[in-house]
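# Remarks on the overall topology
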Amino acid sequence: FDWMITYGARVAAALAALAVLASPAAGSSATIRVNSVGFVPGAPKLATLAISSCGGNWSVVDLKTGDKALEGATLPTRSIDRSTLCLADFSALEKPGKYKLVVSGVGHSPPLLVGVSALNKPFKMAMAGFYMARCGQATPALPDSEDLVTTSSNGRPFEHEMCHAEDGLVDLKHTHESHEHRIEATGGWHDAGDYGKYTVNTAFTLGMLMYGWEHFQGRVEPAQLGIPAGLSPKLPDYLDEVRWGMAWVLKMQRPDGHAYHKLTPTHFEGFGALPHEDKGERYLSPWGTAATGDLAATGAQCYRTFLKYDTRFAEKCLEAAKRAYVALKAHPEPEIADLSGFGTGTYNSIDPHWDLGVRIWAATELYESTHNVSYLQDAEGLMRTLTAPIETCGAVGQPGSKGACKVADQLDWDDQRNLGVIRYLTSSSGKERDPALVAELRAQLQVVTEMYVRTSRTDPYSDPLGGYTKWGINGERARQALTLYAGELILGANKTLEQTGQNTLAMLFGRNPWGRSFVSQLGDWPAAHPHHRPSMVYAEAWPGLLVGGPNGGPTAWSDGWLAFRSNEIAINWNAGLAYALARYYNPPGKPDSDTGKPESESKPPRGSHGKDAKPEGGPLPDDPLPDEAMVWMGDPVKIHDALSRRERAALALETLTDLISPEGIATPEELAEQARDASEAAAEERPPHPHHRIPDVQAAPVVSHGEFFYVDLPLVELAAAAAGVRRKRREPVPFPPQAVRTLPTPTPAPADNGRQRHHGRQLDSKV
């Protein structure tokens, strides 16, 4: 361990120093942790201050006039570790405009936008994230717009060419079918940091997006992104994106009604290629009941969503949903897809409530679309099997809530019951429902939503989950907007529930322990190094992507390319963000946030994407880095071995960076010097110089910070490459050639209690 600790100390210092280069707006203070994206009038407006003494003065200053718009005194609160934090509550600020929060003796915030259109840009960016993740077609850059980021800092458009046009292959090894043949399964979205496509997560994502259409159609229908004319040119852009994902899910249905679980390569792709440069073979997996039930649910939901716009497609969705449900009922027990032929993501769970939740959702959606009472009876029978007492269902992460409660405290691909419960409680055919079951579900929904409110009110960052963490916790936070809005629909209008959801958005946009936005290219100090292959190729984050967030503790987040446990992206996380923001999208023609005049969206005609437009400031950049510059990230020929090394390296780096508090280490001057040295070291192909003020790694037992994986690369070199050290002008630094040099591989670390990690999804090794 000696060489690892030595290198580890240097890595920790280098990574901490990067925070200085990726710093807040000039003159603003990272001590002031506030939503730097925007507030709509009526939303709570709070800043959490990392200062030791409360009671000082603050003021909100109008950036246009220089006048004070509001002032007050800071209030005390407590952080999770009981250290003192303070609050500045400027919720009384209602006038549209741009402001800054000035805290006496501390500094000022980045610019703060207030207005009815303040959340238009994040909504459009979240939706554009889906377009850029499309598989099976070229995605030319969207038109230039004030609401979108369409090119990198050096003028390179965010786009890729036609990709994965041969999806996908059925064979004995992967699909367990003896007759090898190809199925036309192009389309869909690249799921996360990889280029695989997963039926369960795509369907869950579609469920969130179609709920967004159902609840906020009047707002999002006019939204224009400039998406090139697709399968149905008459569709609004929002539905065009939904249709793209849904059309792929339909392709994953077998003739017998079952749905293939996923379509991926044998092992994860290398990190050095854009989608169209990934030429490896991709295979379909066996079917499972979860994928089959999800197809039934989304197919029925699709029918109602598209009936007005595309009757033929809507009817195709419903027919597929009915066939899937027949296949699902033929297997009353969970059938877990056998993924033994793959080393990619699983989206499998041995928790029986996962399968149960999918069945509840499928039955309720089919009942709503057909009014066939047999589906209603199935749904009610399944929900009655969840028998936990109501009083056990009001605590985040409590075993009863995750297990036998009818309304869960969380909503994700592995627990979809709330999608079905909300559909049941808002059904248009309410007279046929069981009144006693309706009353029990309403009571449990009230317990869960009130728990969110109660927890949010006592948390220093207004987190409805109170610092609870897991894989993709930011997606979980965003998706709470659906449960909270359902509470308003079902239990009655409630401003407190809405404000709880608005506080959650503020947390994602900067009011968190880091004072940073968790959405790439959005806000004052956004996540800059997501675990996302196109971003790695560009050495710059693709825009509009919500990263996973802290995983393993309230402050366990690393903004690093390889930090997949906390910094990956995923379509189900962006779906929650898009849903939460859809409520506040202000369509063209309504009052603008700053002027009060109608907003004018000057958009190119549908189908125009501006690909031929030349960016200002010089010619287009050179081609992506050649494969040989990315060998350390995974040789395409030996991808399995390479990725196993990378996964261990990523875990090790996260373990080391977990030792760094959000406030960083040493002084700003010392960190700046370390950053300069790290940049020079990468250019000169040498390790960084040792520094005196670094985390006391040698004094801290590494094992106390979680599982430590052996690494077969010099960690300093790996960190310099993985962290993407940038010069102050934001120029990408190529991955250093010396990173391909390896050390002898130590003896592998012991297994983690029989559990494996694959692409961010924990699974039991027996599955």
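Residues numbered from 1 in each chain as written. Predicted model: local features only at pLDDT ≥ 70, side-chain atom pairs only at ≥ 80, totals over all residues. Heavy atoms only, no water.

## Considering the confidence of the model for the chain
- Taken residue by residue, the chain gives an average pLDDT of 79. The fraction at 70 or more is 72%.
- Across residues 1–22 the pLDDT falls below 50, and counting only partners more than four positions away or on other chains, this stretch makes 54 contacts in the model.
- Across residues 592–648, where pLDDT falls below 50, the model places 116 contacts with residues more than four positions away in sequence or in other chains. (pLDDT = per-residue confidence, 0-100. Contact = heavy atoms within 4.5 Å.)

## Considerations on the state of the cysteines
- One pass over the structure, following the stated rule, counts three disulfides.
- Disulfide partner of Cys54: Cys86, at an S-S distance of 1.9 Å. Because the sign of the S-S torsion sets the handedness, a value of about -90° for the bond joining Cys54 and Cys86 places this disulfide among the left-handed ones. Within this pair, whereas Cys54 is found in the loop between β2 (46–49) and β3 (57–62), its partner Cys86 is found in strand β6 (residues 84–89), the two being separated by 32 residues in sequence.
- Here Cys302 engages in a disulfide with Cys317; their sulfurs sit 2.2 Å apart. (Disulfide = S-S within 2.5 Å. Helix = DSSP H or I, 4+ residues; strand = E, 2+ residues; numbered from the N terminus.)

## Let's talk about the pattern of salt bridges
- Throughout the structure, instances matching the rule amount to 33 salt bridges.
- The salt bridge involving Glu498 is made with Arg583; its shortest N-O contact spans 3.5 Å. Highlighted residues: Glu498 in helix α14 (residues 495–508) and Arg583 in the loop between α17 (571–582) and α18 (639–657), separated in sequence by 85 residues.
- The exposure class of Glu498 is buried, given its relative accessible area of 13%.
- Overall, the relative accessible area of 17% leaves Arg583 in the buried class.
- Where salt bridges share partners, they join Asp167, Lys197, Asp278 and Arg282 into one cluster. (Salt bridge = Lys/Arg side-chain N within 4 Å of Asp/Glu carboxyl O. Buried < 20%, exposed > 50% of the residue type's maximum accessible area, 1.4 Å probe, protein only.)

## Quick notes on unusual backbone geometry
- Omega for the peptide link from Asp167 to Gly168 comes to -10°, which places this bond in the cis form.
- With respect to the element layout, Gly168 can be found in the loop between α2 (120–132) and β10 (169–170).
- Look at Tyr347: it is not a glycine, yet its phi comes out positive at around 50°.
- Tracing the backbone through its elements, the reader meets Tyr347 in the loop between α7 (311–329) and α8 (352–370).

## Quick look at the pairing of strand β7 (residues 97–103)
- Across the two faces of β7 the burial differs, with Gly97, Tyr99, Leu101 and Val103 buried and Lys98, Lys100 and Val102 not buried at all.
- Alignment of β7 against strand β9 (residues 112–114), held across three bridges, turns out to be antiparallel. Following the sheet pairing, Lys98 is matched in β9 by Leu113.
- In terms of strand pairing, β7 meets strand β8 (residues 107–108) through two bridges, oriented antiparallel. Bridging from a neighbouring strand, Val102 pairs with His108 of β8.
- Between β7 and β8, which pair antiparallel one after the other, the connecting turn spans three residues, and Gly105 there sits at a positive phi close to 80°. (Pairing = 2+ DSSP bridges.)

## Description of the nonpolar core
- Core analysis: the largest hydrophobic core is formed by 141 residues, its most contacted members being Phe123, Leu209, Tyr238, Met246, Phe509 and Leu577.
- For this core, the element with the most residues is helix α4 (residues 199–220), which contributes 10 residues.
- With 17 residues, the next largest nonpolar core counts Val34, Val60, Phe90 and Leu93 among its residues. (Core = buried A, V, L, I, M, F, W, Y, C linked by side-chain atoms within 4.5 Å.)

## Description of the packing of aromatic side chains
- For the structure shown, the criterion picks out 21 aromatic pairs.
- Directly above the aromatic system of Phe313 lies the positively charged group of Arg243, at a separation of 4.0 Å from the ring centroid.
- One Lys or Arg, Arg433, reaches over the ring of Tyr424 and ends 5.7 Å from the middle of that ring. (Phe/Tyr/Trp six-rings, centres within 6.5 Å; stacked < 30°, edge-to-face > 60°. Lys NZ or Arg CZ within 6 Å of the ring centre and 35° of its normal.)

## As for the environment of Leu546
- Examined against the element boundaries, Leu546 turns out to sit in the loop between α15 (533–538) and α16 (564–567).
- Expressed as a C-alpha distance, the spacing of Leu546 and Ala126, which sit 420 residues apart in the sequence, is 8.0 Å.
- With near-sequence residues (within four places) excluded, Leu546 lies in contact with Asn474, Gly475, Ala478, Leu508, Phe518, Val519, Glu568, Ile569, Ala570, Trp573, Asn574 and Leu577.

## A few points about the pairing of strand β4 (residues 68–73)
- Sheet topology places β3 next to β4; five bridges connect them, and they run antiparallel. Along β4, the bridge assignment pairs Asn57 with Ala73.

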